[in-house]
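Here are the chains, one letter per residue:
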Number of protein chains: 2
Amino acid sequence: MKHKIYIVGIGPGREDMMTGQALAALEQSDVIVGYTVYLELLGERFAEKEQLSTPMRQEKERCRLCFQEAEKGKQVSLICSGDAGIYGMASLMYEIGKEYPDTVLEVIPGITAASSGGAALGAPINHDFCVISLSDLLTPWEKIERRLLAAAEGDFAIVIYNPASRKRKDYLKKACELLLGTIEENRCCGYVENIGREGTRICTCTLKELKDQEVNMFTTVFIGNSGSEILDGKLITKRGYQIERNTDICRNHGGERTV
Amino acid sequence: MKHKIYIVGIGPGREDMMTGQALAALEQSDVIVGYTVYLELLGERFAEKEQLSTPMRQEKERCRLCFQEAEKGKQVSLICSGDAGIYGMASLMYEIGKEYPDTVLEVIPGITAASSGGAALGAPINHDFCVISLSDLLTPWEKIERRLLAAAEGDFAIVIYNPASRKRKDYLKKACELLLGTIEENRCCGYVENIGREGTRICTCTLKELKDQEVNMFTTVFIGNSGSEILDGKLITKRGYQIERNTDICRNHGGERTV
């Protein structure tokens, strides 16, 4: 019989933002594997389960740990924040899984930051959009720049993951400067920090203002398309072009709320 | 006191793919408003609630219905399939909400088809990606073409929503023909029909093969980026470039599974 490993997207981390399917997979598991911060987010409910972790950056080792535990006959779940298939561990698990032919994988989707952050901001990605990570750990910066420019060329709403880290403090500034070459400076934008966690901070601003905002690895950034507006503090991207364009774009920007 | 309306993403429709937050909003509601097909997906659990609907295309009327019911003092939830803020009703509610200043809106995110379909296919959007709808009801076709080309130019993985409808039978073919101008014909692709519902169908294929697939309004299509592979029937897009490119791309394509 083949062993099955669940790769579970836990969303922002709050239990009520997980799906029933994700909770059931964790309930059924003997071992929960994950990055320490995510294991802590799970809280009391799964505290009795065996929990295993590897340090940050040791993702391959974390994957191997899952297969090794599964081969012992244990039911294993690997948890990822947000959606397991969006900058999560799903693809690496499939790649490493080639070495473990007696194991099958099941990805259980979760609420990604584009959805949870979008809901907090209003409706910033209610039409075609791109998701781009500014992390250049695994992707050359030139490729990231090419994608930012292509997203602008296509007039997509843009969601930016990993806009900064301790070592990459100025990456959002660099990305905004690049985009300001083709996008007008009063383009409506917004960002959310600590979505669905303590200390949630929700801001709207223009692209020019976004350039100088302080963000961190817990921030998700939204850049509207050419028709996006800020309505009563919410960043709104229309579903289409049925309603006449409001020329008074971004008349109400620069708001900040703390939830 | 202001009335609050919940705009709730119910995911693919299966109760265990909804979040606890979404279920709680519906439980608290006196009235659930939605397109008939989505109300039916909710099933038994909410059958006792007052349910209101308007026909397809009458989305503005459906929004107004929510505000009118809320003004009567009822707790209203408007349901959308997938995520309420991704091709859902969230932005229209905010726009129409300008006429109802005594009402506040809260968007509750759900699992969108990019996540649920992606999980079914493996890990097709595990790196930067674009989401594009082929519906030209509200968007000029020229704009859709421009976005497809920009997505190819940026080497994004691409998720296509609404690849066809009764009136737009050949839109996926048109989109593939356009993309084949810049993307190689053996690019790894896949699609999922009826995600999380009865009759789920999961297929992988090349871009050239995708052109001639029969899809419908319940299909979500995935086009890999230049590094995507089909591994043991799963469509995998790597998290980055840390693992050497496999030149034997798509060696295992053309699979079809029925779940």
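Computed from a predicted model, the values in this text were never measured in an experiment. (Residues numbered from 1 in each chain as written. Chains lettered and ligands numbered in written order. Predicted model: local features only at pLDDT ≥ 70, side-chain atom pairs only at ≥ 80, totals over all residues. Heavy atoms only, no water.)

Undergrad: Help me get a handle on the overall build of chain A, residues and values and all.
TA: From N to C terminus, chain A includes eight helices and 14 strands. The globule rule puts the C-alpha radius of gyration for 259 residues at 18 Å, and the 20 Å found for chain A is close to it. Overall size of chain A, expressed as C-alpha extent along the three principal axes, is 65 × 35 × 35 Å. Here chain A holds 259 residues, and the buried ones make up 60% of them. Within chain A, residue pairs in contact and separated by at least 24 positions form 68% of the contacts whose partners lie at least 6 positions apart. Working note: accessible area of chain A is about 10,300 Å², and carbon and sulfur atoms make up 48% of it. (Helix = DSSP H or I, 4+ residues; strand = E, 2+ residues; numbered from the N terminus. Rg over C-alpha atoms; globule rule 2.2 N^0.38 Å. Buried < 20%, exposed > 50% of the residue type's maximum accessible area, 1.4 Å probe, protein only. Contact = heavy atoms within 4.5 Å. Areas by Shrake-Rupley, 256 points an atom, 1.4 Å probe, with all protein chains shown as cover.)

Undergrad: Describe helix α5 (residues 113-121) of chain B, with residues and values.
TA: All names here are of chain B. Most of α5 is tucked away: nine of the nine residues are buried. Every buried residue of α5 is accounted for by Ala113, Ala114, Ser115, Ser116, Gly117, Gly118, Ala119, Ala120 and Leu121. A positive backbone phi angle near 130 degrees is found at Gly122, which sits one or two residues after α5.

Undergrad: Go over the side chain of Thr200 of chain B with me, naming the residues and quoting the values.
TA: Residues and elements named next belong to chain B. By the secondary structure assignment, Thr200 is in the loop between β9 (188-193) and β10 (201-206). On the basis of relative accessibility, which here comes to 9%, the residue Thr200 falls in the buried class. Within polar-contact distance, the side chain of Thr200 engages the backbone oxygen of Arg197 at 2.8 Å. (Polar contact = N/O pair within 3.5 Å; in protein donor to acceptor, adjacent residues only side chain to side chain.)

Undergrad: Requested: an account of the relation of the copies chain B and chain A, with residues and values cited.
TA: Overlay of chain B on chain A (RMSD 0.0 Å): rotation 180 degrees, translation along the axis 0.0 Å. Taken together, the rotation angle and the small translation identify this as a two-fold axis. Most of the interface of chain B is mirrored in chain A, where 100% of its interface residues again form contacts. (Least-squares fit on C-alpha atoms with pLDDT ≥ 70 in both.)

Undergrad: Describe the pairing of β10 of chain B, naming the residues involved and giving the relevant values.
TA: For a regular strand, the rule is simple: side chains alternate between the two faces of the sheet. Residues and elements named next belong to chain B. Extensive coverage of β10 is indicated by the burial of five of its six residues. Looking at chain direction, β9 and β10 are connected through six bridges and run antiparallel. Paired with Glu193 across the bridge in β10 is Arg201. (Pairing = 2+ DSSP bridges.)

Undergrad: Before we move on, could you go through a nonpolar patch on the surface and cite the residues and values that matter?
TA: On the surface, Met56, Met217 and Phe218 of chain A cluster together into a nonpolar patch covering about 290 Å² of accessible area. Of note, Met217 of chain A is situated in the loop between α8 (207-210) and β11 (219-223). (Patch = residues over 30% accessible without salt bridge, like charges linked within 9 Å, V, L, I, M, F, W, Y side chains within 5 Å. Salt bridge = Lys/Arg side-chain N within 4 Å of Asp/Glu carboxyl O.)

Undergrad: Residue-level account of the pattern of salt bridges, with values.
TA: Pairing between side chains of opposite charge can happen when their charged atoms approach one another. As enumerated under the stated definition, the model contains 32 salt bridges over all chains in all. Measuring nitrogen to oxygen at the nearest pair gives 3.7 Å for the salt bridge that ties Asp212 of chain A to Lys211 of chain A. With its nearest N and O atoms 2.7 Å apart, the salt bridge here joins Glu106 of chain B to Lys4 of chain B. Separated by 102 residues along the polypeptide, Glu106 of chain B in strand β5 (residues 103-108) and Lys4 of chain B in strand β1 (residues 3-9) bring together distant segments of the chain. Looking at Glu106 of chain B, the relative accessible area reads 24%, which means it is partly exposed. One continuous salt-bridge network, built from bridges that share partners, spans Glu50, Glu69, Lys72 and Lys74 of chain A.

Undergrad: A description of empty space enclosed by the protein should follow, citing residues and the corresponding values.
TA: In the structure shown here, the tally under the stated rule is five cavities of 30 Å³ or more. In this structure, the second largest cavity occupies an estimated 50 Å³ of space. Ile86, Thr112, Ala114, Ser115 and Phe129 of chain A together with Ile86, Thr112, Ala114, Ser115, Phe129 and Val131 of chain B are the residues that line the second largest cavity. Mapped by element, the contributors of at least two residues to the lining of the second largest cavity are α5 (113-121) of chain A together with α5 and β7 (129-133) of chain B. Residues that form the lining of the second largest cavity fall into these classes: seven nonpolar, four polar and no charged. (1 Å grid on protein atoms, 1.4 Å probe; cavity = no way out; pocket = protein on both sides within 12 Å on 5 of 7 lines; lining within 4 Å. Points joined across faces, edges and corners; volume = space filled by probe spheres on them. Nonpolar A, V, L, I, M, F, W, Y, C, P; charged D, E, K, R; others polar.)

Undergrad: Give me the environment of Thr200 of chain B: which residues, what numbers.
TA: Once the C-alpha coordinates of Thr200 of chain B and Gly117 of chain B are considered, the two residues, 83 residues apart in sequence, prove to be 10.0 Å apart. Side-chain polar atoms of Thr200 of chain B contact the backbone oxygen of Asn194 of chain B, separated by 2.9 Å.

Undergrad: Can you break down the confidence of the model for chain A residue by residue, with the values?
TA: All names here are of chain A. On average, chain A scores 92 in pLDDT, and the residues at 70 or more come to 93%. Per-residue pLDDT stays below 50 along residues 243-254; that stretch engages in 34 contacts with residues further than four places along the chain or on separate chains. Here the predicted complex carries an ipTM of 0.93, next to a pTM of 0.93. (pLDDT = per-residue confidence, 0-100.)

Undergrad: I'd like to hear about the interface of chain B and chain A, residue by residue, with values.
TA: Taken together, the contact pairs 64 residues of chain B with 64 residues of chain A. Interface of chain B and chain A: buried area, both sides summed, is about 5,700 Å²; carbon and sulfur atoms make up 57% of it. Per-residue buried area on chain B facing chain A is highest for Leu138, Arg147 and Arg239 of chain B; these three make up 13% of the total on that side. Our count for the chain B to chain A interface comes out at 36 residue pairs in polar contact (both at pLDDT 80 or more). Counting only elements with at least two residues in the side of chain B that touches chain A, the list comes to α1 (20-28), α3 (59-71), α4 (90-97), α5, β6 (122-123), β7, α6 (141-153) and β13 (234-236) of chain B. Top element by residues in the side of chain B that touches chain A is α6 of chain B. It accounts for six residues. Of the residues belonging to the side of chain B that touches chain A, the class tally is 28 nonpolar, 20 polar and 16 charged. Bridge count between strand β7 (residues 129-133) of chain A and β7 of chain B: three bridges; the pairing is antiparallel. (Buried area = accessible area lost by both parts, 1.4 Å probe.)

Undergrad: Quick rundown of the sheet that holds β1 of chain B? Include the residues and the values.
TA: All names here are of chain B. An order of β3-β2-β4-β1-β5 is seen for the five strands of this open sheet, with the pairing classed as parallel. Two strands close off the open sheet at either side, each with one partner strand: β3 (50-52) and β5. Here the average twist between neighbouring strands, direction ignored, is 25 degrees. Alignment of β1 against strand β4 (residues 76-80), held across five bridges, turns out to be parallel. Considered in β4, the bridge of Ile5 is made with Val76. Running at roughly 170 degrees to β5, α4 makes contact with β1, β4 and β5 of the sheet. (Axes fitted to C-alpha atoms, helices over the stretch in contact; angles between N-to-C directions.)

Undergrad: Please set out the state of the cysteines residue by residue, giving values where relevant.
TA: Residue and element names in this part refer to chain B. Applying the stated criterion across every chain yields a total of zero disulfides over all chains. Summary of cysteine pairing: Cys80 is not part of a disulfide, and the nearest cysteine sulfur, belonging to Cys63, is at 8.4 Å. Cys189 takes part in no disulfide bond, and the closest cysteine sulfur, belonging to Cys205, lies 5.5 Å away. Given a relative accessible area of 0%, Cys189 falls into the buried group. (Disulfide = S-S within 2.5 Å.)

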